[in-house]
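Commentary on secondary and tertiary structure
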Amino acid sequence: MRQSHQLPLLGLLLFSLIPRQQCEICEVSKENKTALKPLIHTMINSNYTERIHAANALLSLRLCGSLNQSQDQHLTEQFILTVNSTEPSLTSGQLALAILALGACKAPDGMSINYSELVKRLGNKYKEEIRNMDHNGNPLTNYYQLSLDILALCLFNGNYSITEVAKFLNPENKNYYFHGQFSVDTGAMAVLALTCVKNKTRRQKQIDKKDIENINNYTESLINKILSQKTENGLLGNIYSTGEAMQALFVSSNYYNKNQWVCEKTRDTVLTEISRGAFRMPTAAAQILPALKGKTYLDVNKDSSCVYSSDSFHPSTQEPIVSVTPAVSPSQIQVNYSVVIDKRKDRIVVSVTDGSVFLNVMEQAQKENPTLFRFKTKETAWGPYIISVQGIKASTNDRTYWELRSNGEHLNQGAGSYVVHAGDDLEVRWSTY
Ligand code: CBY
């Protein structure tokens, strides 16, 4: 054989010898892309109670190239202003998400963002989390946010100790569990953080081998825990943890076998849930979209040019995600509502309009008996969070909270989203996680 003929063959041989990471990414096909439009529409057109709560949506939209250039510019500029003005009161995870959103990609006219200043501030907030860990074994917020911090510090060259990461993100730590149940959302975010740290250490020389070994073992164990929460229809944990769990699985395909996860099954169940309206909440939409577009938070890169969409979404031209309810006056339904503290149960039957959410029931009960049913909320990216009932306040340090239950079951939605049904037995229960 002449040399010129041998060359392509040699190339092919060499290529087949390169150890490839078999990347399991089951992006939604071109034909199915319209199925994702309601998600994008929800994120762009939602009214966020505080602009910082749009961080997740901005990150997702920019990462997926779902905005056109002027929308990107407008939203990003507004967001910079918000971050700068509210920074002292942001939690570490909120700031980390904001940095990821702003630095998701590089806008053409390079809006001036002082990353190093923001990253320095994040480093300080992260240190406070660690200080609290050392103090009572819990971070100031939670492990989901701690992982977001490490991820942002890793992607944006901030300061963190690899040994500390390897110490805290041990999968046996209680902070991965709520009521003894592994939190898939938390595990997924930790896998993304650990993967970033591991990829980065490959390029550094003086790294303790033991740390790398721990990081590898932890990633493998977390992936197993995530896969053990796979449901029959392919969801990972529940519908709201599936998106980020998919991202974790995308970046860790070396840690599981092909037969352990059929990505297409998960994707198809998610697509069905989109059409049923499960992602009406903008943060829910934001957390599922990247995986459906084959993206992960590790694709955040402030030096890589943004990709823009030619579609433009305007409130007036797009169909709303929720089917419009008929214009007949809604009927009243009755539900049972109780506040449970240990063995004590204060119960009331309230009447609310059909289609009401858990929060409306709590408001009605409070109106009828403020002594027993008074409560306070705080706004979060997932809607209202119940911080206190009868003056008893949830505490991160004590791992206590007000748990929402319906008909004896733990709810997968917050008070502002869960739609109640006639005859429901609703409960807020003083719980320890
Ligand atoms: N985000 C965070 O800091 C939140 C991290 C998170 C793991 C989050 C879920 C996952 C995510 N993708 O964002 C989380 N929940 C946490 C850490 C917590 C704890 C908050 C306190 C703390 N230490 O920071 C706590 C107390 C265990 C908790 N969640 C409680 C609740 C209940 C809230 C009830 C109330 N008092 O208002 C509730 C409603 C469960 C219940 N039945 O009581 C709850 N969480 C739910 C349902 C959820 C899901 C929301 C889904 C939805 N459609 O509304 C969730 C996505 C989420 C938000 N919690 Co928590 C988990 C899921 O079901 N997949 C970072 C920040 C920057 O945004």
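- Per an unreviewed UniProt entry, the recorded name for the protein chain is Transcobalamin-1 isoform X2, and the organism is Mustela putorius furo.
- Reading the Subcellular location (unreviewed entry) entry of the UniProt record for the protein chain gives the comment "Secreted".
- According to its UniProt record, the protein chain has this under Sequence similarities (unreviewed entry): "Belongs to the eukaryotic cobalamin transport proteins family."

**Some thoughts on the packing of aromatic side chains**
- Scanning the model with the defined rule gives 13 aromatic pairs in all.
- A centroid spacing of 5.5 Å and a plane angle of 85 degrees characterise the contact between Phe 178 and Tyr 433, whose relative ring orientation is edge-to-face. You can see Phe 178 sitting in strand β1 (residues 177-178) and its partner Tyr 433 sitting in the segment after β10 (425-432), a full 255 residues away along the chain.
- One aromatic cluster is present, built from ring pairs that chain together Tyr 143, Tyr 176, Tyr 177 and Phe 182.
- Here the basic side chain of Lys 302 rests over the ring of Tyr 115, its NZ or CZ set 5.9 Å away from the ring centre.

**Re the layout of surface pockets**
- Its boundaries defined by the atoms lining it, the second largest pocket holds a volume of some 440 Å³.
- Mapped onto the lining of the second largest pocket, the elements with two or more residues apiece are α2 (37-45) and α3 (55-63).
- Classifying every residue of the lining of the second largest pocket by side-chain character gives nine nonpolar, six polar and nine charged.

**Some words on the confidence of the model for the protein chain**
- Here the protein chain shows a mean pLDDT of 91. Residues at 70 or above account for 91%.
- Here residues 11-22 is a poorly scored stretch, pLDDT under 50, and it has seven contacts once near neighbours within four places are set aside; other chains count.
- Interface confidence in the predicted complex, given as ipTM, is 0.99; pTM for the same model is 0.92.

**Considering the nonpolar core**
- Counting residues in hydrophobic clusters, the biggest one holds 103 residues, and the most contacted among them are Leu 39, Leu 59, Phe 79, Leu 151, Ile 226, Trp 261 and Phe 279.
- It is helix α9 (residues 184-201) that contributes the most residues to this core, ten residues altogether.
- In this structure, Tyr 337, Phe 373, Val 420 and Val 428 belong to the second largest nonpolar core, which totals 26 residues.

**What to know about the site of the ligand**
- Around the ligand lies a shell of 28 residues, among which Asn 142, Asn 238, Trp 402, Leu 404 and Tyr 433 are the nearest.
- Separating an oxygen atom of the ligand from a backbone N or O atom of Ile 386 is a distance of 2.8 Å.
- Every element with two or more residues in the shell around the ligand is listed here: α5 (92-102), α7 (143-155), α9, β6 (383-389) and β8 (400-406).
- The biggest single contributor to the shell around the ligand is β8, with four residues.
- Of the residues assigned to the shell around the ligand, the class counts are eleven nonpolar, 14 polar and three charged.

**Section: the side chain of Thr 201**
- Mapped onto the elements, Thr 201 comes out in helix α9.
- Taking relative accessible area as the criterion, Thr 201 reaches 6% and is therefore assigned buried.
- For Thr 201, the side chain forms a polar contact with the main-chain oxygen of Lys 198, separated by 2.7 Å.
- Every residue in contact with Thr 201, bar those within four places of it in the chain, is listed here: Ile 162, Ile 207 and Ile 212.

**Regarding a positive patch on the surface**
- Residues Arg 374, Lys 376, Lys 378 and Lys 393 make up a contiguous surface patch of positive charge.
- In this structure, Arg 374 sits in the loop between α15 (370-373) and β5 (375-380).

**Notes on the packing of α2 against α3**
- Packing of α2 against α3 brings their axes to within 10 Å, and their N-to-C directions diverge by 135 degrees. If you check the angle between α2 and α3, you find them oblique. Every pair of crossing elements has a handedness; the one defined by α2 and α3 is left-handed. Across from Ile 40, Met 43 and Ile 44 in α2, the residues of α3 making contact are Ala 57, Ser 60 and Leu 61.
- Here the residues of the contact of α2 with α3 are counted per class, giving five nonpolar, one polar and no charged.

**Remarks on the state of the cysteines**
- Taken as a whole and assessed by the stated rule, the structure comprises three disulfides.
- Disulfide partner of Cys 26: Cys 263, at an S-S distance of 1.8 Å. The S-S bond linking Cys 26 to Cys 263 shows a torsion near -70 degrees; that makes this disulfide left-handed. Of the two residues, Cys 26 is situated in the loop between α1 (3-17) and α2 and Cys 263 in helix α12 (residues 263-275); the sequence distance between them amounts to 237 residues. Take Cys 26 and Cys 263: they sit in the same class, and that class is buried.
- The residue that forms a disulfide with Cys 105 is Cys 306, at a sulfur-sulfur distance of 2.1 Å. Because the torsion about its S-S bond is 90 degrees, the bridge between Cys 105 and Cys 306 counts as right-handed. With Cys 105 in the loop between α5 and α6 (115-136) and Cys 306 in the loop between α13 (282-292) and β3 (332-341), the pair connects residues that are 201 residues apart, well separated along the chain. Across the pair, Cys 306 and Cys 105 agree in class, each one buried.
- Among the cysteines of the protein chain that take part in disulfides, numbered as they appear in the sequence, the pairing is 1-5, 2-6, 3-4.

**Side note on helix α11 (residues 242-251)**
- The element α11 is extensively covered by neighbouring structure, given that ten of its ten residues are classed as buried.
- Along α11, the residues classified as buried are Thr 242, Gly 243, Glu 244, Ala 245, Met 246, Gln 247, Ala 248, Leu 249, Phe 250 and Val 251.

**What about the UniProt feature "domain: Transcobalamin-like C-terminal" (unreviewed entry) in the protein chain?**
- Within this structure's numbering, the places UniProt gives as "domain: Transcobalamin-like C-terminal" (unreviewed entry) are residues 355-431.
- Counted over residues 355-431, helix gives 19% and strand 40%. Its end C-alpha atoms are 27 Å apart.

**Considerations on empty space enclosed by the protein**
- Under the counting rule described, the total for this entry stands at one cavity of 30 Å³ or more.
- Put simply, the largest cavity is a space of about 30 Å³.
- In this structure, the largest cavity is lined by Ile 239, Tyr 240, Thr 242, Gly 243, Phe 279, Ala 284, Gln 287, Ile 288 and Trp 382.
- Among the secondary structure elements, those contributing two or more residues to the lining of the largest cavity are α11 and α13.
- Tallying contributions element by element places α13 first for the lining of the largest cavity, with three residues.
- Classifying every residue of the lining of the largest cavity by side-chain character gives six nonpolar, three polar and no charged.

What counts as what
- Counting of residues starts from 1 at the beginning of each chain's written sequence and follows it residue by residue.
- Under the rules for a predicted model, residues below a pLDDT of 70 receive no local features and side-chain atom pairs below 80 are neither given nor counted, while totals for whole chains, interfaces and linings still include all residues.
- In computing side-chain properties, one takes all heavy atoms of the structure into account and sets aside hydrogens as well as water.
- UniProt positions are given in the numbering used here, feature names are shortened, and annotations may be inferred rather than shown by experiment.
- Within 6.5 Å between ring centres, the rings of Phe, Tyr and Trp (the latter by its six-membered ring) count as paired, and their orientation is classed by plane angle as stacked under 30 degrees, edge-to-face over 60, tilted in between.
- Starting at the N terminus, helices and strands are each numbered in turn, a helix being any DSSP run of H or I of at least four residues and a strand any DSSP run of E of at least two.
- Cation placement over rings: the criterion is NZ of Lys or CZ of Arg within 6 Å of the ring centroid and within 35° of the ring normal.
- The method works on a 1 Å grid over the protein atoms by themselves. A cavity is a set of points holding a 1.4 Å probe that cannot get out, a pocket is an open set with protein on both sides within 12 Å along at least five of seven lines, and residues with an atom within 4 Å of a point line them.
- Grid points are joined across faces, edges and corners, and a volume is the space filled by probe spheres set on the points.
- Only Asp, Glu, Lys and Arg are considered charged, only Ala, Val, Leu, Ile, Met, Phe, Trp, Tyr, Cys and Pro nonpolar, and every remaining residue, Gly among them, polar.
- pLDDT gives the predictor's per-residue confidence on a scale running from 0 to 100.
- The contact criterion used is simple: two residues touch if any of their non-hydrogen atoms lie within 4.5 Å.
- Here the nonpolar core consists of buried residues drawn from Ala, Val, Leu, Ile, Met, Phe, Trp, Tyr and Cys, with membership extended through side-chain atoms lying within 4.5 Å.
- When a residue's accessible area, from a 1.4 Å probe over protein chains only, is under 20% of the maximum for its type it is buried; when over 50% it is exposed; and in between it is partly exposed.
- Nearness of a residue to a molecule or strand requires only that one of the residue's heavy atoms be within 4 Å of it.
- Between N or O atoms, a polar contact is any pair within 3.5 Å; within protein, one atom must be a potential hydrogen donor and the other a potential acceptor, and residues adjacent in sequence are included only when both atoms are from side chains.
- Patch membership requires more than 30% relative accessible area and the absence of a salt bridge. Residues of like charge join within 9 Å; the nonpolar side chains Val, Leu, Ile, Met, Phe, Trp and Tyr join within 5 Å.
- A 1.4 Å probe and the Shrake-Rupley method give the accessible areas. Residues count as covered only by the protein chains that appear here.
- Just to be clear on terms, a salt bridge is a Lys or Arg side-chain nitrogen sitting within 4 Å of an Asp or Glu carboxyl oxygen.
- We treat Lys and Arg as the positive residues and Asp and Glu as the negative residues; His and chain ends play no part in the count.
- Lys charges are placed at NZ, Arg charges at CZ, Asp charges at CG and Glu charges at CD.
- Angles run from 0 to 180 degrees between N-to-C directions of axes, and those axes are lines fitted to C-alpha atoms, restricted for helices to the stretch in contact.
- Angles below 35 degrees are treated as roughly parallel, those above 145 as roughly antiparallel, those between 65 and 115 as roughly perpendicular, and all remaining angles as oblique.
- By definition, turning the near helix anticlockwise from the far helix through less than a right angle yields a left-handed crossing, and turning it clockwise yields a right-handed one.
- Disulfides are defined as cysteine sulfur pairs within 2.5 Å.

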